[in-house]
Amino acid sequence: MSSMISDELINFLTGQFKLDINGIHGISHWRRVRRNAHWIAEELRERPDLEVCDLFAFIHDSCRQNENADGDHAVRAANLARELHGSYFDIGEDRLALLTEAITIHNEQILHPDLTVKVCLDADRLDLGRIGVTPDRRFLNTTAARNLIWKCVPKLMYKTG
């Protein structure tokens, strides 16, 4: 695990999580999003900031209050990231801005110009198979993510084209 993702951070995030930690937005999802970000990064020529991607993976859904429509969870999670910065991790203001932007917009269908934010968004979208949804290729930011759908979505759900 990245040095940014300490046991203390995981314990804090799981301890404050309001839902079933083993539910669809819980720790298994966070770990798969992290794994997906690393898979995407392996396929890219440029290197995204994987420490930011790792933090995104573990924080982006950590403030959900229900498993369904929770439109404010992203803003709550971005605010939490700001609160945790300097105590549970320290990445500097520029990288924190990238992290909080990725968290804030992760539920929107956005194509983003920054590579690290692109990887964060794609890594999360590649885990939609857990809820029976194949990611819409039009809203994946990277060719690497589009090429990895087969690896992340259960085979029975995957449709080519």
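Here the structure is a predicted model, which means the values were calculated and not measured.

Participant: Explain the overall build of the protein to me, please; I cannot follow it from the model alone.
Facilitator: Looking only at helices and strands, one finds seven helices and zero strands in the protein. Reading the helices (α) and strands (β) of the protein from amino to carboxyl end gives α-α-α-α-α-α-α. Referenced to the eigenvectors of the C-alpha coordinate spread, the extents of the protein come out at roughly 45 × 35 × 25 Å. Expressed as a percentage of its 161 residues, the buried residues of the protein come to 51%. With an accessible surface of roughly 8000 Å², the protein has 48% of that area assigned to carbon and sulfur atoms. Charge separation in the protein, taken as the distance between the mean sites of 20 positive and 24 negative side-chain charges, equals 8 Å.

Participant: For this particular structure, what's the right way to read the packing of aromatic side chains?
Facilitator: Within a pair of aromatic rings, the relevant descriptors are the distance that separates the centres and the angle that separates the planes. Counted by the stated rule, this structure contains three aromatic pairs. Ring geometry for Phe-12 versus Tyr-88: centroids 5.2 Å apart, planes at 40°, classification tilted. Of this pair, Phe-12 sits in helix α1 (residues 7–16) while Tyr-88 sits in the loop between α4 (73–84) and α5 (92–105), and the two are 76 residues apart along the sequence. Overall, Phe-12 belongs to the partly exposed group, its relative accessible area being 28%. Each ring, one from Phe-17 and one from Trp-30, has its centre 5.3 Å from the other, and the planes form 85°; the classification is edge-to-face. Of this pair, Phe-17 sits in the loop between α1 and α2 (27–43) while Trp-30 sits in helix α2; the two residues are 13 residues apart in sequence, bridging distant segments of the chain. For Phe-17, a relative accessible area of 8% puts it in the buried group.

Participant: Before we go on, may I ask you to explain a nonpolar patch on the surface in this structure?
Facilitator: On the surface, Ile-24, Ile-131 and Val-133 cluster together to form a nonpolar patch covering roughly 210 Å² of accessible area. For Val-133, the location among the structural elements is in the loop between α6 (115–125) and α7 (143–152). Relative accessible area serves as the criterion here: at 35%, Val-133 is assigned to the partly exposed category.

Participant: What's the story with the nonpolar core in this structure? I'm lost.
Facilitator: Counting 50 residues, the largest nonpolar core has Ile-40, Leu-55, Phe-89 and Leu-99 as the members making the most contacts within it. Residue assignment for this core shows that the elements contributing at least two residues are α1, α2, α3 (50–59), α4, α5, α6 and α7. Apart from residues lying up to four places away in sequence, Ile-40 is in contact with Val-119, Asp-122, Ala-123, Leu-126, Thr-142, Ala-144, Ala-145 and Leu-148.

Participant: Please explain the packing of α2 against α6 as it appears in this structure.
Facilitator: A pair of packed helices is captured by two measures, namely the crossing angle of their axes and the spacing between those axes. Put simply, α2 and α6 touch, their axes get as near as 8 Å, and they point 125° apart. Accordingly, the angle class assigned to the pair α2 and α6 is oblique. Of the two elements, α2 crosses α6, and the hand of that crossing is right-handed. Contact residues: α2 offers His-29, Val-33, Asn-36, Ala-37 and Ile-40, while α6 offers Val-119, Asp-122, Ala-123 and Asp-124. A breakdown of the residues in the contact of α2 with α6 according to their chemical character gives five nonpolar, two polar and two charged.

Participant: What am I meant to see in the environment of Val-52 here?
Facilitator: With respect to the helices, strands and loops of the structure, Val-52 is situated in helix α3. Residues Val-52 and Asp-124, 72 residues apart in the sequence, show an inter-C-alpha distance of 13 Å. Dropping the residues within four chain positions of it, Val-52 is found in contact with Ile-91, Arg-95, Leu-99, Thr-116 and Cys-120.

Participant: Just checking my understanding: could you explain the pattern of salt bridges for this structure?
Facilitator: Pairs can form between side chains of opposite charge whenever their charged atoms are close. Evaluated as defined, the whole model comprises eight salt bridges. Between Glu-51 and Arg-95 there is a salt bridge whose closest N-O contact spans 2.7 Å. In this pair, Glu-51 sits in helix α3 while Arg-95 sits in helix α5, placing the two residues 44 residues apart along the sequence. Residue Arg-95 is classed as partly exposed on the basis of its relative accessible area of 25%. Close ionic contact of Arg-130 with Asp-127 constitutes a salt bridge, the shortest N to O distance being 3.8 Å. Since its relative accessible area comes to 24%, Arg-130 is described here as partly exposed. One salt-bridge network, in which partners are shared between bridges, spans Arg-32, Asp-127 and Arg-130.

Conventions adopted
- Residues numbered from 1 in each chain as written.
- Predicted model: local features only at pLDDT ≥ 70, side-chain atom pairs only at ≥ 80, totals over all residues.
- Heavy atoms only, no water.
- Helix = DSSP H or I, 4+ residues; strand = E, 2+ residues; numbered from the N terminus.
- Buried < 20%, exposed > 50% of the residue type's maximum accessible area, 1.4 Å probe, protein only.
- Areas by Shrake-Rupley, 256 points an atom, 1.4 Å probe, with all protein chains shown as cover.
- Lys, Arg positive; Asp, Glu negative; His and termini not counted.
- Charge placed at Lys NZ, Arg CZ, Asp CG, Glu CD.
- Phe/Tyr/Trp six-rings, centres within 6.5 Å; stacked < 30°, edge-to-face > 60°.
- Patch = residues over 30% accessible without salt bridge, like charges linked within 9 Å, V, L, I, M, F, W, Y side chains within 5 Å.
- Salt bridge = Lys/Arg side-chain N within 4 Å of Asp/Glu carboxyl O.
- Core = buried A, V, L, I, M, F, W, Y, C linked by side-chain atoms within 4.5 Å.
- Contact = heavy atoms within 4.5 Å.
- Axes fitted to C-alpha atoms, helices over the stretch in contact; angles between N-to-C directions.
- Parallel < 35°, antiparallel > 145°, perpendicular 65-115°, else oblique.
- Left-handed = near helix turned anticlockwise from the far one by under 90°.
- Nonpolar A, V, L, I, M, F, W, Y, C, P; charged D, E, K, R; others polar.

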